[in-house]
Amino acid sequence: LPQSPPRPPGAAPSPPGPRLPPQSPPPTPCLPPAPAPLSPARPRAARAPLDSGGSRSPGVRPAAPSPGGHGGTPGLPALGLGASPPPAARADFQLRPVPSGFAPQEQEYQQALLLVAALAGLGLGLSLIFIAVYLIRFCCCRPPEPPGSKTPSPGGGCVTWSCIVALLAGCIGIGIGFYGNSETSDGVSQLSSALLHANHTLSAIDHLVLETVERLGEAVRTELTTLEEVLEPRTELVAAARGARRQAEAVAQQLQGLAFWQGVPLSPLQVAEDVSFVEEYRWLAYVLLLLLELLVCLFTLLGLAKQSKWLVIVMTVMSLLVLVLSWGSMGLEAATAVGLSDFCSNPDPYVLNLTQEETGLSSDILSYYFLCNQAVSNPFQQRLTLSQRALANIHSQLLGLEREAVPQFPSAQKPLLSLEETLNVTEGNFHQLVALLHCRGLHKDYGAALRGLCEDALEGLLFLLLFSLLSAGALATALCSLPRAWALFPPSDDYDDTDDDDPFNPQQESKRFVQWQSSI
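Basis of the calculations
- Residues numbered from 1 in each chain as written.
- Predicted model: local features only at pLDDT ≥ 70, side-chain atom pairs only at ≥ 80, totals over all residues.
- Heavy atoms only, no water.
- Salt bridge = Lys/Arg side-chain N within 4 Å of Asp/Glu carboxyl O.
- Helix = DSSP H or I, 4+ residues; strand = E, 2+ residues; numbered from the N terminus.
- Buried < 20%, exposed > 50% of the residue type's maximum accessible area, 1.4 Å probe, protein only.
- Core = buried A, V, L, I, M, F, W, Y, C linked by side-chain atoms within 4.5 Å.
- Contact = heavy atoms within 4.5 Å.
- Disulfide = S-S within 2.5 Å.
- UniProt positions renumbered as here; feature names shortened; annotations may be inferred.
- pLDDT = per-residue confidence, 0-100.

Draft legend 1. Region of the structure containing the pattern of salt bridges. Considering all chains together, one arrives at five salt bridges under this definition. R221 is paired through a salt bridge with E218; the nearest N and O atoms lie 2.9 Å apart. With R221 and E218 both in helix α2 (residues 156–221), this residue pair falls three residues apart, about one helical turn. By relative accessible area, E218 is classed as partly exposed at 39%. R282 is the salt-bridge partner of E279, the closest N and O atoms lying 2.8 Å from each other. On the criterion of helical spacing, the pair formed by E279 and R282 is a turn pair, its members being three residues apart in helix α5 (residues 268–306).

This is the structure:
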């Protein structure tokens with residue numbers, strides 16, 4: 001730094017320059033998620049780090065948002081919602097292009113999903129037409145067999161083996177279907193578990209707020225009133241007690257605004273129960289469909305092995321029924337998979353808008369919990385900051401009263417001890433509220449629900465779609481092959497398959513009748 005020139009002797013000292021005010025450290029955020037001054041002996045694992053000012057930052061540093069628009073949080077794995085390929089173009093009933101964004105409330109989007117499901121109906125119609133044309137050609141255009149000919153027609157073994165291979169492919173598809181059904185059920189179960197955990201968190205917030213407000217109100221009505229009566233001879237002590245009363249009432253008023261989910265018509269518990277109810281019947285319906293197709297395949301193979309015409313005919317009819325069910329399930333799976341992939345490509349805007357419509361909560365609160373990144377501040381910072389300051393003031397006032405009033409008024413010790421106990425319990429509840437109101441817990445439940453839907457459930461739907469496709473192809477091939485297969489079965493008389501030693505054989509009964517008449 002440049003030095004000032006030396007002052008000549010005898011010269012008057014220069015007037016002092018303006019003094020700069022001391023620079024205070026930059027202000028910290030309004031409320032830390034987990035303030036350290038109140039209860040340092042109760043550490044928590046999921047605490048925000050301390051900043052330079054000694055308080056905890058209100059939010060967590062987010063990871064880079066995924067391409068799907070989902071902001072990450074530390075400790076929460078990033079969702080791979082943007083790794084899927086871009087959705088294919090779709091159109092409504094007038095064949096006009098429809099945007100790929102998830103908008104189930106719009107008529108054009110509903111028509112686009114119905115058109116996707118209708119493709120399965122088109123496939124069913126084409127399959128039935130192909131099967132009917134093939135069977136008509138087989139029945140009407142085959143050359144007549146010479147009378148008494150028992151030699152099989154050429155290509156009979158190829159027809160039978162093609163039918164067997166198709167049925168075995170259908171059995172492989174059934175295994176894929178069981179796996180897809182299990183994966184879908186696991187994804188929906190993860191969604192229900194996340195909803196139940198979120199409901200537990202919201203209920204705990206409401207319970208803590210109600211308990212703390214009631215405890216503070218009881219302390220104001222009893223202990224503080226008694227303390228004011230005891231300290232009535234000392235005006236300054238009564239003023240301190242009344243100041244503590246005002247601070248306690250201010251804390252109760254601020255805490256009442258933290259129960260943001262109280263009175264909301266939307267219940268995560270009810271949503272979880274509805275989802276579980278629908279999933280239970282969906283899972284059961286798919287299990288019955290898979291078992292039905294498995295029985296059809298097994299009994300058809302048994303009929304081919306035993307060369308039983310009546311069993312093959314019955315299984316042909318059942319195969320036609322299962323073919324219709326397979327194409328129908330394929331349409332539902334395709335439409336559901338398309339809609340779910342659209343939702344998973346960018347779930348946050350739709351979930352935010354839907355939740356705001358159903359609950360009426362402000363967008364600040366919903367954005368804080370659903371996004372949970374540094375760009376969105378805690379909407380409860382001001383209330384929590386004022387509550388924390390009021391609790392600190394009450395604590396200092398009670399210490400002052402204990403130091404000044406107890407030596408003169410020994411009867412004031414009992415209400416003071418009761419107030420200190422109430423204050424300690426209130427501070428403990430306050431710490432729990434700070435931890436529960438932090439966005440990390442509810443955002444973790446939100447991420448778990450999205451992973452259940454967009455990873456497990458969507459993967460299971462794709463496997464179910466593959467099952468339906470294999471099942472439809474195998475059954476269509478079997479329906480074309482079975483009539484030609486049973487036509488190759490050797491003819492049998494009425495009693496060719498009976499055993500001569502069977503006592504219930506009609507021939508044996510007639511022989512016994514003739515022997516009985518001759519003996520007479």
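Draft legend 2. Structural view of the nonpolar core. Counting residues in hydrophobic clusters, the biggest one holds 74 residues, and the most contacted among them are L227, L231, F260 and Y369. Broken down by element, the residue count for this core peaks at 12 residues, all from α2. Excluding residues that lie within four positions of it along the chain, L227 makes contacts with A241, L401, A412, P415, L416 and L419. In terms of nonpolar packing, the next biggest core, distinct from the first, is built from 14 residues, I174, L301, F467 and A485 among them.

Draft legend 3. View of the state of the cysteines. Using the criterion set out here, one finds two disulfides in the structure. One disulfide bridge connects C344 with C454, the sulfur atoms lying 2.0 Å from each other. The chirality of the disulfide connecting C344 with C454 is left-handed, given an S-S dihedral of about -90 degrees. With a gap of 110 residues between them, C344 in helix α6 (residues 309–345) and C454 in helix α11 (residues 439–487) connect regions that are remote in the sequence. Judged on exposure class, the residue C344 and its partner C454 are both buried. One disulfide in the model links C372 with C439; its S-S distance is 2.1 Å. Of note, the bridge from C372 to C439 carries an S-S torsion of about 55 degrees and is right-handed in sense. With C372 in the loop between α8 (363–371) and α9 (381–404) and C439 in helix α11, the pair connects residues that are 67 residues apart, well separated along the chain. Accessibility expressed as a relative area gives 1% for C372, which makes it buried. In the chain, the cysteines engaged in disulfides, taken in order along the sequence, are linked 1-4, 2-3. Considering cysteine sulfurs only, C297 is the nearest to C163, which forms no disulfide, with 9.3 Å between them.

Draft legend 4. Looking closely at unusual backbone geometry. You will see that Q307, though not glycine, has its phi angle at about 55 degrees, which is positive. Its identity as a non-glycine residue notwithstanding, C372 has a phi of 55 degrees, on the positive side.

Draft legend 5. Quick look at the UniProt feature "transmembrane region" (unreviewed entry) in the chain. Under the local residue numbering, the UniProt record ascribes the feature "transmembrane region" (unreviewed entry) to residues 112–136, 157–179, 283–304, 311–330 and 461–482. Along residues 112–136 one finds 100% helix and 0% strand; the C-alpha atoms at either end are 36 Å apart.

Draft legend 6. Spatial organisation of the confidence of the model for the chain. Of the residues in the chain, 71% reach a pLDDT of 70 or more, and the chain-wide mean stands at 77. Here residues 1–86 is a poorly scored stretch, pLDDT under 50, and it has 114 contacts once near neighbours within four places are set aside; other chains count. Note on residues 493–498: pLDDT under 50 across the span, and three contacts to partners over four residues away in sequence or across chains.

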